[in-house]
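# Structure assessment
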Amino acid sequence: DFFPQKFPSGVYHLSAAGETTWHGFARAILESAGLKTPLVPIRSDEYPAAAKRPTNSLLDNSKLSATFGIALRDWREDVAAVLAAIH
């Protein structure tokens, strides 16, 4: 067996540490890339999507961390790493 012990079943979220909005994510990418592109924040309910968006859709990694001892680095570090890899 890959896992020698049984772990609790259920949903485990796996996302980079920290939190942001789509606007914050886009802003970080543009700034890291040295781009001065105008960026206008809007609320989720202002975006014309077919599906209704939740008010708060942050993923909680605490179950993953507590069960497997996994702690992921901050999302800003990953943005910088990806931009460095593609330049």
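As shown above, the structure is provided for reference.
In short, a report on the structure. In this text the structure is predicted, and so the values were computed from the model without any measurement. (Residues numbered from 1 in each chain as written. Predicted model: local features only at pLDDT ≥ 70, side-chain atom pairs only at ≥ 80, totals over all residues. Heavy atoms only, no water.)

### Comments concerning the pattern of salt bridges
Taken as a whole and judged by the stated rule, the model has four salt bridges. Salt-bridge contacts for R43 lead to D45; the nearest nitrogen and oxygen are separated by 3.0 Å. A salt bridge links D78 to R73; the shortest N-O distance between them is 2.5 Å. Relative accessible area serves as the criterion here: at 43%, R73 is assigned to the partly exposed category. Ionic contacts of the salt-bridge type, sharing partners, join the residues R43, D45 and E46 into one network. (Salt bridge = Lys/Arg side-chain N within 4 Å of Asp/Glu carboxyl O. Buried < 20%, exposed > 50% of the residue type's maximum accessible area, 1.4 Å probe, protein only.)

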